[in-house]
Amino acid sequence: MTQIVQPDSLLTLHYRITLDSGQPLISTFESKPATLQLGRGDIAPTLERCLAGITIGERHTFLLEPENAFGAHREDLVEKVRLEDFPTGAEVEPMVIMEFTAPDGTRYPGLIREVLDTHAIIDFNHPLAGKSIRFEVEVIGVS
């Protein structure tokens, strides 16, 4: 068993993600540690790169600007969708996340930002896009 995180390591770790302001988003420090397989998309690639080279027992905190975290907020990912195009009975209300299907069959989550008379404004950006985050980790095991 290696003691240093490699790009394809299986990790047991505690982690915490907060906004730069300190607002907590997710933490495993108060519960069971997480197990992640690097290189398989379990976490964002930029967070994986932060983990590379850390030794078991080390604790690190990284401040990531939007472009190095979940990306910049892109206006081209905010779209108007006609209300008549929503499924019958769908809950079309602000701050509701819905799943949408692209013409090629790919499914995407979108956040309803605003509901107008004939359209809804849907944001397909990651919820943390455009935000700086703090990523704190403590590596417990590496294999």
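Residues numbered from 1 in each chain as written. Predicted model: local features only at pLDDT ≥ 70, side-chain atom pairs only at ≥ 80, totals over all residues. Heavy atoms only, no water.

Engineer: Quick question: what am I supposed to make of the overall build of the chain here?
Structural biologist: Broken down by element type, the chain carries 1 helix and 9 strands. Taken from the N to the C terminus, the helices and strands of the chain come in the order β-β-β-α-β-β-β-β-β-β. A compact globule built from 143 residues should have a C-alpha radius of gyration of about 15 Å, whereas the chain, at 19 Å, is more than 25% larger. Its C-alpha atoms give the chain principal-axis dimensions of roughly 60 × 35 × 30 Å. (Helix = DSSP H or I, 4+ residues; strand = E, 2+ residues; numbered from the N terminus. Rg over C-alpha atoms; globule rule 2.2 N^0.38 Å.)

Engineer: It is not clear to me how the sheet that holds strand β7 (residues 107-115) should be interpreted in this structure. Could you clarify?
Structural biologist: Hydrogen bonding along the main chain pairs the strands of a sheet, whether they run parallel or antiparallel. If you walk across this open sheet you meet the 4 strands as β5-β8-β7-β6, and the pairing is antiparallel. Each end of this open sheet is capped by a strand with a single partner; those strands are β5 (78-82) and β6 (97-101). Shown here is a sheet whose adjacent strand axes are inclined to one another by a mean of 45°, direction ignored. Bridge analysis of β5 against strand β8 (residues 119-123) gives 5 bridges, and the strand direction is antiparallel. (Pairing = 2+ DSSP bridges. Axes fitted to C-alpha atoms, helices over the stretch in contact; angles between N-to-C directions.)

Engineer: Mind showing me how you'd approach the side chain of S9 here?
Structural biologist: Take S9: it is sitting in the segment before β1 (10-19). Judged by its relative accessible area of 2%, S9 is buried. Here the side chain of S9 touches Q6 through a polar contact of 2.7 Å, landing on its backbone nitrogen. In this view, S9 contacts I4, L36, Q37, L38, V142 and S143; residues no more than four positions away in its chain are not counted. (Buried < 20%, exposed > 50% of the residue type's maximum accessible area, 1.4 Å probe, protein only. Polar contact = N/O pair within 3.5 Å; in protein donor to acceptor, adjacent residues only side chain to side chain. Contact = heavy atoms within 4.5 Å.)

Engineer: What am I meant to see in the nonpolar core here?
Structural biologist: Side chains of a nonpolar character, in soluble globular proteins, are inclined to be buried together. Residues V5, L13, L47, L51 and F135 are the most contacted members of the largest nonpolar core, which totals 23 residues. Here F135 is in contact with Y15, R16, I17, L47, C50, L51, H60, T61, F62 and L64, once residues within four sequence places are set aside. (Core = buried A, V, L, I, M, F, W, Y, C linked by side-chain atoms within 4.5 Å.)

Engineer: Looking at this model, I keep getting lost on the environment of Q37. Mind explaining?
Structural biologist: If you trace the backbone, Q37 turns up in strand β3 (residues 34-37). On the accessibility criterion, Q37 (17% relative accessible area) is buried. A C-alpha to C-alpha distance of 22 Å links Q37 and L63, two positions 26 residues apart in sequence. There is a polar contact of 3.4 Å between the side chain of Q37 and the backbone oxygen of S9.

Engineer: Help me out: how do you make sense of the environment of G22 in this one?
Structural biologist: Here G22 shows up in the loop between β1 and β2 (24-27). For the pair formed by G22 and R134, sequence separation is 112 residues and the distance between their alpha carbons is 8.0 Å.

Engineer: Looking at this structure, how should I read the pairing of strand β9 (residues 133-142)?
Structural biologist: On a regular strand, one side chain projects to one face of the sheet and the next to the other, so that they alternate. Counting buried positions along β9 gives 7 out of 10 residues, so the element sits mostly inside the fold. Sheet topology places strand β4 (residues 59-64) next to β9; 6 bridges connect them, and they run antiparallel. Paired with H60 across the two strands is V137, which belongs to β9.

Engineer: Hey, could you run me through the pairing of β1 in this one?
Structural biologist: The buried count for β1 comes to 8 of 10 residues, which makes it a mostly enclosed element. Sheet analysis places β1 next to β3, joined by 4 bridges and oriented antiparallel. The residue bridging L10 from the neighbouring strand is Q37, located in β3. With 9 bridges joining them, β1 and β9 adopt antiparallel strand pairing. Residue pairing for β9: L19 is matched across the bridge by I133. Where β1 and β2 come together, 3 bridges link them in antiparallel fashion. For I17, the partnering residue across the bridge sits in β2 and is I26.

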